[in-house]
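As a plain string of letters, each chain reads:
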Amino acid sequence: MFVTELSLTDFRNYHAASLELTSGVTVFVGSNGQGKTNLVEAVEYLSTMSSHRVSATAPLIRAGAESAILRARVQASREDPRLILLELEVANGRSNVARLNRAPLQRPRDLVGALRTVVFSPMDLSIVRGDPSDRRGWLDSLVTTRWPRMVGVRQDLDRVLKQRNALLKAMSGRSRMSSGGDEEVTLAVWNEQLATIGAELLHARLDTLADVLPHAQRAYETIAPVNNQVDARYRTGLDLDGVTEAADVRGELAVRLLDAMAARRRDELQRGVTLVGPQRDDIDLFIGDLPAKGYASHGESWSLALALRLGGYALVREDGTEPVLVLDDVFAELDTSRRERLAEVVADVEQVLITAAVGADVPDFPAERRFRVDAGIVSAL
């Protein structure tokens, strides 16, 4: 799939912008702060209802405006001319409004999946060097790209954790022995929900990590000429021994989550917070025999983060969908050799959107299109 038209109203620094796009490679060139990344961020937001730059909606809305409107027309593929229209009104302080082919959607999150994207930006260095939440975020973004319904699962998990944490805080400091009161009954309900929802997300993460690793390995071998063996291992407080052999993997994971909650009950009550579940897991990344975090150089860390994103793109493609690949200010961080290798990797992608402060940083692609972005004005080069 690929975006054929993109229009923005009151999004970031754009009062209004409209441009036609094609399949293949499109490069947006402009100095920092001119709005080139805002264009690809809009595509990402229509795809995922989230941004790789901010978690709140207020920064997405132009100063002085009440809301921002994003529209994109998406073609199924080069061979399939069918088109769909995605529309999203992003508001601050109230729910977003989404439309698909001009028909309102009851839940804005139902727009997720109509357009698939894989985004790589300099902020992705945190996948290697940052906190566990950064690595969970990378894996979860790939999970939801593969299975858009997992957006709802993640939202349900956040809701359950919020309620369970509030209850644990209210119960904190009390005996670990069951009192038989209403709070105990309510806690048992939240335990069951956390186990069920957490098991579904954990199962999806484990499957996706196993599936993406071979693709990431191939991408890293292409980008890095030496010391190019990478690995990724899921780290959790659960005992996962024998889980994958179970007849019902999700059911087995739910049981082990419940067992872990029972084992950590006293600690949870003392601290008033949930200590069990996928929200506390991590992914250990390796280059060769050494952990990437703390040992990898800047170039190695950058190459590994890029390989993980490219691996995710290849996996979604293998699943049968051609996502839009966004490379936000990537080439400036690479030496000439790595730039050329990356260009070879993405040459056959159905649609690549690239941003760069300096046009010369981006290798020439066959039949590419380039735009200049200057103070929110987009013009063809």
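Every chain's residues receive numbers from 1 upward, in the order its sequence appears when written. Totals for whole chains, interfaces and linings use every residue, but because this is a predicted model, local features are given only for residues with pLDDT of at least 70 and side-chain atom pairs only at 80 or more, for both listing and counting. Working from all heavy atoms in the structure, the side-chain values ignore hydrogens and water.

**What about the sheet that holds strand β10 (residues 282-287)?**
Spatially, three strands are ordered β9-β10-β11 in an open sheet, and the strand pairing comes out antiparallel. In this open sheet, the two strands that pair with only one neighbour each are β9 (230-235) and β11 (290-291). Only strands that DSSP links by at least two bridges are regarded as paired with each other. Helix numbers and strand numbers start at the N terminus; a helix is a DSSP run of H or I with at least 4 residues, a strand a run of E with at least 2. As defined by bridge partners, β10 adjoins β11 across two bridges and the pair is classed as antiparallel. In the sheet register, F286 faces β11, and the bridge partner there is P291. The strands touched by helix α5 (residues 182-223) are β9 and β10; relative to β9, the strand with the most contacts, the crossing angle is about 170 degrees. By the convention used here, residues are in contact when the closest approach between their heavy atoms is within 4.5 Å. To obtain an axis, a line is fitted to C-alpha atoms, over the contacting stretch when the element is a helix, and the angle between two such axes runs from 0 to 180 degrees between their N-to-C directions.

**With respect to the pairing of strand β13 (residues 351-356)**
Where burial is concerned, most of β13 is hidden: six out of the six residues are buried. We call a residue buried when its accessible area falls under 20% of the maximum for its residue type, exposed when it is over 50%, and partly exposed in between, using a 1.4 Å probe and counting protein chains only. Burial along β13 is two-sided: the residues Q351, L353 and T355 and V352, I354 and A356 are all buried. As defined by bridge partners, strand β3 (residues 24-29) adjoins β13 across six bridges and the pair is classed as parallel. Residue pairing in the sheet places T26 in a bridge with L353 of β13. As judged from the four bridges shared by strand β12 (residues 324-328) and β13, these two strands associate in the parallel manner. Considered in β13, the bridge of L325 is made with V352.

**Topic: the confidence of the model for the protein**
With 98% of its residues at a pLDDT of 70 or more, the protein has an overall mean of 92. Summary of the metric used: pLDDT quantifies the predictor's per-residue confidence within the range 0 to 100. Within the protein, helix α10 (residues 336-346) has the poorest average pLDDT of any element, 87, and strand β1 (residues 2-11) the best, 97.

**Focus on the packing of aromatic side chains**
Note on ring pairs: Phe, Tyr and Trp rings are taken, using the six-membered ring of Trp, and paired if centres are within 6.5 Å. Classes follow the plane angle, with under 30 degrees stacked, over 60 edge-to-face and the rest tilted. Applying the stated criterion across every chain yields a total of two aromatic pairs. Ring geometry for F28 against F371: centres 5.6 Å apart, planes inclined by 25 degrees, an arrangement best described as stacked. Remark: F371 occurs in strand β14 (residues 369-374) and F28 occurs in strand β3; sequence separation between them is 343 residues. Their ring planes at 75 degrees and their centres at 5.2 Å tell us that F120 and W302 sit as a pair that is edge-to-face.

**A closer look at the side chain of Q351**
With respect to the helices and strands, Q351 occurs in strand β13. Here Q351 falls in the buried class, since its relative accessible area comes to 0%. Polar side-chain contacts of Q351 include one of 2.7 Å to the backbone nitrogen of V3. The residues contacting Q351, other than those within four sequence positions of it, are M1, F2, V3, L21, T22, G24, P323, V324 and L325. Polar contact is the term for a pair of N or O atoms within 3.5 Å; when the atoms are in protein, one must be able to donate a hydrogen and the other to accept it, and sequence-neighboring residues count only if both atoms are side-chain atoms.

**Things to note about the environment of D156**
Locating D156 in the fold gives a position in helix α4 (residues 150-171). Put simply, D156 and T144 are twelve residues apart on the chain and 14 Å apart in space, counted from C-alpha to C-alpha.

**Remarks on the environment of N227**
With respect to the helices, strands and loops of the structure, N227 is situated in the loop between α5 and β9. Residue classification places N227 among the partly exposed positions, given a relative accessible area of 45%. Considering only alpha carbons, one finds N227 and D239, twelve residues apart in sequence, at a separation of 32 Å. Apart from the residues lying within four places of it in its own chain, the contact partners of N227 are Y220, I287, G288 and E300.

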